[in-house]
Amino acid sequence: MENTESVPPRSLRVEEKESVVVRFCGDSGDGMQLTGTEFSRSAALEGNDLATFPDFPAEIRAPAGTLPGVSGYQVHFASTDIFTPGDEPDVLVAMNPAALRMNVKDLKVGGILMVNTGAFSSQNLQKAGYKASPLGDGSLSAYQLIQLDISKLVVEALADSGLSSKDTLRAKNFYALGLMFWLYNRPIEQEIDSIRKKFGKRPDLADGNVKAFKSGYFYGETTELFTSTYKVKAARLEPGTYRNITGNEAASLGFVAAAKLSGMKLFLGSYPITPASDILHNLSTYRHFGVVTAQAEDEIAAAGMAIGATYAGCIGLTSTSGPGLALKGEILGLAVMTELPLIVIDVQRGGPSTGLPTKTEQADLMQAIFGRNSESPLAVLATRTPADCFDCALEAVRIATKYMVPVLYMTDGYIANGSEPWLLPKIEDLKTIPVQFRTEPEGFLPYLRDPETLARPWAIPGTPGLEHRVGGLEKENVTGNVSYDPYNHELMVRIREEKVQRIARDIPPTEIFGDPEGEILLIGWGGTYGSIREATNAMRARGQKVSHVHLRWLNPLPSDLEGIMRRFKHVVVPELNLGQLRMMLRARTLIDVKGVNKIQGKPFKISELIKRVGAVVRGEPDPGAIPVEANKRATLDSTTDAG
Amino acid sequence: MSEAIQKALATRKTNGESRPALTRKDFVSDQEIRWCPGCGDYSILAQVQKIMPELGVAREDTVFVSGIGCAARFPYYMNTYGFHGIHGRAPAIATGIKAARPELQVWVATGDGDGLSIGGNHLIHALRRNVDLKILLFNNRIYGLTKGQYSPTSEFGKKTKSTPLGSVDHPFNPASVALGAEATFVARAIDTDAKHLQEVVKRAASHKGGAFVEIFQNCNVFNDDAFAYFTDKAVKTDRTLYLEHGKPMLYAGGKKGIGLDPHGLRPFVVDVKSDEDLKQVLVHDESVESPGLAFLLSRLDQPEFPIPLGVLRNVQKSTYDSLIDEQGKRAIAQRGDKATLKELLYSGDIWKVE
């Protein structure tokens, strides 16, 4: 091409990579979540497989520049099938000293470390706990350190934009994003459209951020910061249409789809709580699907509204996290007693009490299964990945309405906020969910049961001749009259339990990844799926006889599970709690199940799992567990991951 | 209404048209009543059953919801749809029913402990939202079902099983609470005044919006004669004020009335001896937008004043359930054609892999 005016592009080597992990980190106000989301989106559009891990503080804006204020977003994108956001970043973008200090020890040796020197003031260094700047003292020599004064570069780039200095500096994240786009050879057009859409109402901000983004991109192109750029080819994903989706989005879509497939109205009663609020936000945008959402005065009212709507003939749903689940317990008991198909979403977070609102954990399992007064069984299922939240929603509604039983749908903060490409189901493959309300008055009795499922009839207000009363007092089987008869009570307690156990008839045979028998069986549930699967893969690649079973249903457990467990020498349950599933499996099978447990608000690393599972089956002390020592402080610097 | 509900109710219309007129008996369920003999609840139940046929609402479209307590057994005795919930949560459950199915008439039967103590939050928010619920609060100023502890409406210093030295809790006034929560309809009645109770409940039923009725109810076992100081035959005329919209606030056989100082802050008793005196007597206006007058009335008490009964406030405001319904219908009218599974799933950032 003849064009003497422009500088010919430098002929840089384009290195092909199979998989890359990038982590953006900065202050809560630096826009790292947005940057991460945008970068993931572009990876998805490139056809990469991807997994993300947003990790942010509970405070909206913790004091600027401090360690607790650091917000991060990790993206793993690859041309191969991947299951986790990756153990160690290949690239770390740190917008300030606190972000550097919190994250640098995770960076792969030899990895790219890009820092915004503009934020390395002595005040910020002090806030991050650095005595001297780590940029000049050689402490970062293990990495390819790239120092950029992004703050200054943005100010220069946007000098004529007319934006305030505050708005100008806020565009730093798009500058960094632009540079990353250049480094990974990403087309910029779609991103520019996306930025314009994001700032649609403020054309001046849209222009400014687009300019910052382009400036970052061109900075990469015209300077010699890097010796090569990288390309991650599209993954060989199964053919079809894909959509990048978070767990909370997929759950919302799943329940709307379930309503559509059953001809039912979806009613959500909810109270804002991290990390579940996005489900309330999402569902409130589907009013044109007939969805009704109500923001209640508290968690109890949210569940109360949902059970009222269920009684009235809707799919009644209430979404929450652990503390809210505790408050809803009594309403759940009422749903057990009245045998109404109420559905509760628990997006688990670190606890107890308020705990770690924005961090992930799996410690609500016992609360889910047993956390109500008396014998109060309900069905419990757990999602394993963001996209799986969709399938589980359909399953929850199908089972709840078929058995007339409340269902507890568990996800966690990691799944809820993490994203992955979702192979969209073909519409014609989605099965209708048959729901039938009782209409025939002849022979109607409120607790006369289907002999197969033990379900009682669902008779909704408005149906003539079926007027009846339900409630929290024990009911006589068949008639539904209030009854304090001792034998009736035991019969009802056993029926309610049996009804939940019969759901096992609907659970397909358990899938075993790996061989059906061998040395080690790893059993997981929920969001640990990816880490356990990749750890299993890696251990098998080393010739170990390891298999993986990941449970969807936790109550009831699949009927073939015990048999599978008995075919392995060791059964290990990695969980982000102190061993709740392990306790249950031991109690139900009397098998000596072992556990690998982490309670740090973070997912397992693959390398960590491999090491810890190995130690546990050899009977050695678990190298990853934080030892209990009175008056010792476990901190960032004093603790290292087992991985 | 969803497809599934429409299908279930498809045959209903024809059923409805051929049905004979309802009587009180049609609303009496086959359940054995388990209240104590002599309980004020019997009268309330009888009056409600009596007026139900006059409301023109089909039995199957009527739902009674309750929480826990003596009053909360109410739904079992009504031959309608009924949901006996858990302690204090009836307004929330009822809100869910009404928001999901605005065509139903939804009642809440509650008590002073259920509605004002453990369920106080739900009660005020249901009233604030103006959910079209008919809330009957049986106030007996005591916990009956748990056998006699003081309630949030028990008088200060009351000696009960849980307060042998006397309660140090200051009570609150249910009607004032409801007015503070901006309830659009607030009324009062006495369990034993059958005719007036029927009238008040009928008015509540016909109000479009959240209706709150405080019913003074005698618990003859744990708090007998709690309201005798104004309900006893011997003193009732002198100590109660039956409010009527547009009429002067007269009591004691028309010999006394309620006046208000020129600043509108202090009520006083007017001895009505002449037409001139009558001019000083306030004329009741239940429809004033500001709840101020109704609040002032709710505060009148013995020994200085008579206890006002009847409708204190009755104003119109859009209801929560109808607003939800209208929003939904508008959304469907605007974007209903996009409410397909294809549109739902195949949107956002999607891409194809061949």
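Residues numbered from 1 in each chain as written. Chains lettered and ligands numbered in written order. Predicted model: local features only at pLDDT ≥ 70, side-chain atom pairs only at ≥ 80, totals over all residues.

*Asks:* How would you sum up the overall build of chain A? Please name residues and give values.
*Replies:* The helix and strand tally for chain A stands at 20 helices and 22 strands. Taking 26 Å as the expected radius of gyration for a compact globule of 643 residues, we find that chain A reaches 27 Å, a close match to that expectation. When its C-alpha atoms are laid out on the principal axes, chain A stretches across 90 × 60 × 50 Å. Sorting the 643 residues of chain A into buried and exposed places 54% on the buried side. (Helix = DSSP H or I, 4+ residues; strand = E, 2+ residues; numbered from the N terminus. Rg over C-alpha atoms; globule rule 2.2 N^0.38 Å. Buried ≥ 20, exposed ≤ 12 C-beta atoms within 10 Å, placed from the backbone.)

*Asks:* How would you summarise the overall build of chain B if you had to cite specific residues and measurements?
*Replies:* When helices and strands are tallied, chain B shows 15 helices and twelve strands. Based on the C-alpha atoms only, the size of chain B along its principal axes is roughly 90 × 50 × 50 Å.

*Asks:* Outline unusual backbone geometry, supporting the account with residue identities and numerical values.
*Replies:* With glycine set apart, most residues show a phi of negative sign, and most peptide bonds adopt trans. The residue after A:G351, namely A:P352, is reached through a cis peptide bond having omega 5°. Relative to the helices and strands, A:P352 resides in the loop between β13 (343-348) and α13 (365-370). Of note, A:L454 is a non-glycine position whose phi angle comes to about 65°, a positive value. Along the chain, A:L454 turns up in the loop between β16 (419-423) and β17 (469-471). Given 18 C-beta atoms within 10 Å, A:L454 falls into the partly exposed group. Its identity as a non-glycine residue notwithstanding, B:D225 has a phi of 65°, on the positive side. Inspection of the secondary structure puts B:D225 in the loop between β6 (211-216) and α10 (228-231). Classification of B:D225 as exposed rests on a count of 11 C-beta atoms within 10 Å.

*Asks:* Go over the interface of chain B and chain A, please, and point to the residues and values.
*Replies:* Taken residue by residue, the interface counts 61 residues in chain B and 65 residues in chain A. It is helix α5 (residues 90-100) of chain B that provides the largest number of residues to the side of chain B that touches chain A, a total of eight residues. Split into classes, the residues belonging to the side of chain B that touches chain A amount to 28 nonpolar, 20 polar and 13 charged. Across four bridges, strand β9 (residues 240-246) of chain A lies against strand β12 (residues 350-353) of chain B in antiparallel orientation. (Contact = placed C-beta atoms within 7 Å. Nonpolar A, V, L, I, M, F, W, Y, C, P; charged D, E, K, R; others polar. Pairing = 2+ DSSP bridges.)

*Asks:* Can you tell me about the pairing of strand β11 (residues 292-295) of chain A, naming the residues and giving the values?
*Replies:* All names here are of chain A. Relative to β11, strand β10 (residues 266-270) runs parallel, the two sharing four bridges. Across the sheet, residue L268 finds its bridge partner in β11, namely T293. Running through helix α10 (residues 277-283), the crossover from β10 to the neighbouring parallel element β11 is right-handed. (Right-handed = clockwise from strand over helix to strand, strands pointing away.)

*Asks:* Give me the lowdown on the nonpolar core, citing residues and values where you can.
*Replies:* Counting residues in each nonpolar core, the largest one holds 268 residues, and the members touching the most others are A:L266, A:I315, A:L381, A:V407, B:V65, B:I97 and B:V213. With near-sequence residues (within four places) excluded, B:V213 lies in contact with B:I135, B:L136, B:L137, B:A187, B:A189, B:V200, B:V201 and B:A204. Counting six residues, the second-largest nonpolar core is a separate cluster that includes B:C39, B:I142, B:C219 and B:F222. (Core = buried A, V, L, I, M, F, W, Y, C linked by C-beta atoms within 7 Å.)

*Asks:* Tell me about the confidence of the model for chain A, and please be specific about residues and values.
*Replies:* Residues with a pLDDT of 70 or more make up 97% of chain A, whose mean pLDDT is 94. Contacts for the low-pLDDT stretch residues 1-8 of chain A, under 50 throughout, to residues beyond four places or in other chains number one contact. (pLDDT = per-residue confidence, 0-100.)

*Asks:* Explain the sheet that holds strand β8 (residues 250-251) of chain B to me, and be specific about the residues and the numbers.
*Replies:* Residue and element names in this part refer to chain B. An order of β8-β9-β10 is seen for the three strands of this open sheet, with the pairing classed as antiparallel. Each of the sheet's edge strands pairs with one partner strand only, and the pair in question is β8 and β10 (267-271). Of the strand pairs in this sheet, strand β9 (residues 256-260) and β10 are connected by five bridges, and their pairing is antiparallel. Looking at β10, one finds that G257 is bridged to V270.

*Asks:* Let's hear about the sheet that holds β12(B): which residues, and what values?
*Replies:* One open sheet holds the three strands; their spatial order is β16(A)-β9(A)-β12(B), and the pairing between them is antiparallel. Across the chains shown, the open sheet's two edge strands, defined by having one partner strand only, are β16 of chain A together with β12 of chain B. Along the sheet, successive strands turn relative to each other by an average axial angle of 35°, direction set aside. In this sheet, β16(A) lies alongside β9(A) in antiparallel orientation, the contact comprising five bridges. Considered in β16(A), the bridge of A:Y242 is made with A:L423. Of the strands in this sheet, β9 and β16 of chain A together with β12 of chain B touch helix α1 (residues 32-45) of chain A, which is tilted by about 170° from β9(A). (Axes fitted to C-alpha atoms, helices over the stretch in contact; angles between N-to-C directions.)

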